[in-house]
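So you can see what is in the structure, the chains are spelled out below.
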Amino acid sequence: MSEISPSTTTPPAAEDLDRAREGDDAAFTRLVGPLRRELHAHCYRMLGSAHDADDALQDALLRAWRGLARFEGRSSLRSWLYTVATRTCLDLVETRGRRALPVDLGPASDRTVLDDAPRTDVAWLGPYPDTDPDARAERREAVELAFVAALQHLPGNQRAALLLFEVLGFSAAEIAGMMRTTTMSVNSALARARKIVADRVPSPSQQETLRAVGDARVREIVAGYAAALERGDADALVALLTEDVTWSMPPLPHWYHGVAAVTDFATRVPLGSCGSWRHLPAHANGQPAVACYLWDEAAGAHLAWSINVMTLRGERIAEITSFIGAGHFPPFGLPASLP
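Structure report, in brief. (Residues numbered from 1 in each chain as written. Predicted model: local features only at pLDDT ≥ 70, side-chain atom pairs only at ≥ 80, totals over all residues. Heavy atoms only, no water.)

Considerations on the environment of Ser 49
Then step 1. Relative to the helices and strands, Ser 49 is located in the loop between helix H3 (36-47) and helix H4 (50-67).
Then step 2. The class for Ser 49 is buried, based on a relative accessible area of 6%.
Then step 3. Setting aside residues no more than four positions away along its own chain, Ser 49 makes contact with Tyr 44 and Arg 99.
Then step 4. Polar side-chain contacts of Ser 49 include one of 3.2 Å to the backbone nitrogen of His 51.
Then step 5. At 3.0 Å, the side chain of Ser 49 forms a polar contact with the backbone nitrogen of Asp 52. (Helix = DSSP H or I, 4+ residues; strand = E, 2+ residues; numbered from the N terminus. Buried < 20%, exposed > 50% of the residue type's maximum accessible area, 1.4 Å probe, protein only. Contact = heavy atoms within 4.5 Å. Polar contact = N/O pair within 3.5 Å; in protein donor to acceptor, adjacent residues only side chain to side chain.)

Quick word on the side chain of Ser 306
Then step 1. Mapping Ser 306 onto the fold places it in strand E5 (residues 301-313).
Then step 2. Looking at Ser 306, its side chain comes within polar contact range of the side chain of Asn 308, at 2.8 Å.
Then step 3. Sequence-distant contacts of Ser 306, that is, excluding residues within four places in its chain, are made with Val 290, Ala 291, Cys 292, Ser 322, Phe 323, Ile 324, Gly 325 and Phe 329.

With respect to the pairing of strand E4 (residues 287-296)
Then step 1. The element E4 is extensively covered by neighbouring structure, given that 8 of its 10 residues are classed as buried.
Then step 2. The pairing of strand E3 (residues 277-284) with E4 spans 8 bridges and is antiparallel. For Trp 277, the partnering residue across the bridge sits in E4 and is Leu 294.
Then step 3. If you look at the hairpin formed by E3 and E4, you'll find 2 residues sitting between the two strands, and Asn 285 has a positive phi there, around 55°.
Then step 4. Bridge analysis of E4 against E5 gives 8 bridges, and the strand direction is antiparallel. Note on E5: the bridge partner recorded for Ala 289 is Val 309.
Then step 5. From the end of E4 to the start of E5, which pair antiparallel, there are 4 residues, and Gly 300 there has a positive phi angle of about 65°. (Pairing = 2+ DSSP bridges.)

Focus on the nonpolar core
Then step 1. Trp 80, Leu 81, Leu 162 and Ile 307 are the most contacted members of the largest nonpolar core, which totals 75 residues.
Then step 2. For this core, the leading source of residues is helix H5 (residues 77-96), giving 10 residues.
Then step 3. Ignoring any residue separated from it by four or fewer positions in sequence, one finds Ile 307 in contact with Ala 289, Val 290, Ala 291, Thr 321, Ser 322, Phe 323, His 328, Phe 329, Phe 332 and Leu 334.
Then step 4. Ranked by size, the runner-up nonpolar core spans 34 residues in total, among them Leu 210, Val 218, Trp 247 and Val 262. (Core = buried A, V, L, I, M, F, W, Y, C linked by side-chain atoms within 4.5 Å.)

Some thoughts on the packing of aromatic side chains
Then step 1. Enumeration over the complete set of coordinates arrives at 8 aromatic pairs.
Then step 2. Between Tyr 82 and Phe 170, the aromatic rings sit 5.8 Å apart at their centres with planes inclined by 65°, giving edge-to-face as the arrangement. You can see Tyr 82 sitting in helix H5 and its partner Phe 170 sitting in the loop between helix H8 (156-167) and helix H9 (172-179), a full 88 residues away along the chain.
Then step 3. According to the relative accessible area criterion, Tyr 82 is buried, its value standing at 0%.
Then step 4. Among the aromatic residues, those joined into a ring-pair cluster are Tyr 225, Trp 247, Tyr 256 and Phe 265. (Phe/Tyr/Trp six-rings, centres within 6.5 Å; stacked < 30°, edge-to-face > 60°.)

As structure tokens, this is what we get:
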């Protein structure tokens, strides 16, 4: 799953580095600019929230700017920035705890809950926008929902060690230096982390599934899902689902498992009582997604409602995770409403 080996990166221009050390903000911006996207993705994996990743990256770059005089060049600038970003994220993990999905809170509901209220006492996992259509498959694999959700079950040090080693390609010795610990401790953390993640991440990965299904067929499945919701066509929706499909809707705590329970929920809520839907295709966490807009009479428009991320098994939808909230839309570059 390794993204980029630290040894393959180009050292920063010495001139810009010297200028940045002297307080040149533009030079610092040029230095860190090529690394911002991958650092932001690292912060998201650590924290499970695009908004928290924004905060963490901003804080990490501020720390790096203030501490640049201490960067002696013994490692690459990339390694040093990952050290700063990782420590920043570990500080946030300590204060904010782990992110969850409804499946982490308890068993599936046997019947449709019509008056389900959002849980505001839970820090919910959020979706992550695919803003780079040319990203390599392993980079997309490293932000898949199942993987990021599994990371949230790890203590911060194990989470960091696994990401730095498996995803980013740092050595155990390098990670020990970054985390101010021993190589033995890093190897121990890696062993425990791998076991927990392996138990929670299904195989094959979504990237393997999507490649096998093919882009054209994936687009058909996404379009069929959106069309079924817009038409209120339960039969067409069910035809797209696996028998053991799950549907969850953070921040709503209840979730549904199995085609019968999901069909009952879909018929009574999104296809029944919600009203008119419109949709735009999207991509989130390296997976197909749909941006859902619900009609609002007062606004006279369809307003942003949820980002629905689909997990496929073969050519059917095995999981639907509907991230409810207009606040999820801006990072995807999606409009707040549709006329």
